[in-house]
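Residue-level listing of the chains:
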Amino acid sequence: MLVAKVFLEKGCHVATHHHESEQISITVSGAVLWHLGEPGSEEYRDVVIRGGEVLVIPSNVVHSVDTLEDTLIYDILSPIGPMGVDSQKS
């Protein structure tokens, strides 16, 4: 299991990605817009998660994030694996 403390500034975009790991994302403060599933598919949905809320993303579900406010998140990935923010370009 990997636990990561992630701070995202307002306006940050985490590009579309997926990973083998199941992800639990705990938003401590702020607000983010999650894009879940393949765009254009029946499973696709947008979800706003605010401070105090939790999102569970099953293994291999395509997702991306747009930050609506400065946001602090704890991401838990199991098993340990790369996170989407790891592949972001500066």
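The coordinates are above.
Presented here is a report on the structure given in the accompanying data block. (Residues numbered from 1 in each chain as written. Predicted model: local features only at pLDDT ≥ 70, side-chain atom pairs only at ≥ 80, totals over all residues. Heavy atoms only, no water.)

### Side note on the pairing of strand 8 (residues 71-78)
To keep it simple, the criterion reads: A 1.4 Å probe rolled over the protein chains alone gives each residue an accessible area, and that area as a share of the maximum for its type sets the label: buried under 20%, exposed over 50%, partly exposed in between. Only DSSP runs of H or I reaching four residues or more are called helices, and only runs of E reaching two or more are called strands; each is numbered from the N terminus. The rule for pairing is simple: two strands pair if DSSP sees at least two bridges between them.
Counting buried residues along strand 8, 6 of its 8 residues qualify, which places the element largely inside the surrounding structure. The pairing of strand 1 (residues 2-8) with strand 8 spans 7 bridges and is antiparallel. Along strand 8, the bridge assignment pairs Leu2 with Leu77. As defined by bridge partners, strand 3 (residues 22-29) adjoins strand 8 across 7 bridges and the pair is classed as antiparallel. Within the sheet, the bridge partner assigned to Glu22 lies in strand 8 and is Ser78.

### Concerning the sheet that holds strand 4 (residues 31-36)
Going by this rule: Lines fitted to C-alpha atoms define the axes, with helix axes restricted to the stretch in contact, and inter-axis angles between N-to-C directions lie between 0 and 180 degrees.
The 4 strands lie next to each other as 2-7-4-5, forming an open sheet whose pairing is antiparallel. Since the sheet does not close on itself, it has two edges, and those belong to strand 2 (13-17) and strand 5 (45-50), each with one partner. Mean inter-strand twist for the sheet, computed between neighbouring axes without regard to direction, equals 20 degrees. Two elements, strand 2 and strand 7 (residues 63-67), share 3 bridges in a ladder whose sense is antiparallel. Across the sheet, the residue bridging to His17 is His63, located in strand 7.

### Things to note about unusual backbone geometry
Geometrically, the link from Ser78 to Pro79 is a cis peptide bond, its omega value of -5 degrees lying close to zero. Structurally, the position occupied by Pro79 is in the segment after strand 8. Positive phi values are uncommon outside glycine, yet Asn60 reaches one of about 65 degrees. With respect to the helices and strands, Asn60 occurs in the loop between strand 6 (53-57) and strand 7.

### Points about the pattern of salt bridges
Heads up, the condition is: We count a salt bridge whenever a side-chain nitrogen from Lys or Arg sits within 4 Å of a carboxyl oxygen from Asp or Glu.
Under the counting rule described, the total for this entry stands at 1 salt bridge. When the shortest N-O distance is used, the salt bridge between Arg50 and Glu69 registers 4.0 Å. Remark: Glu69 occurs in the loop between strand 7 and strand 8 and Arg50 occurs in strand 5; sequence separation between them is 19 residues. We classify Glu69 as partly exposed; its relative accessible area is 37%.

### Topic: a nonpolar patch on the surface
Put simply, the rule reads: Only residues whose relative accessible area exceeds 30% and that take part in no salt bridge are eligible for patches, with like-charged residues grouped when within 9 Å of each other and nonpolar side chains (Val, Leu, Ile, Met, Phe, Trp, Tyr) grouped when within 5 Å. Computed by Shrake-Rupley with a 1.4 Å probe, the accessible areas treat only the displayed protein chains as cover when residues are assessed.
A surface patch of nonpolar side chains, about 670 Å² in accessible area, is lined by Met1, Val3, Ile24, Ile26, Val28, Val54, Val56 and Tyr74. Those elements that place two or more of their residues in the nonpolar patch are strand 3 and strand 6. Position of Val56 relative to the elements: it lies in strand 6. For Val56, a relative accessible area of 43% gives the class partly exposed.

Geometric descriptors of this kind do not, in isolation, establish any biological role.
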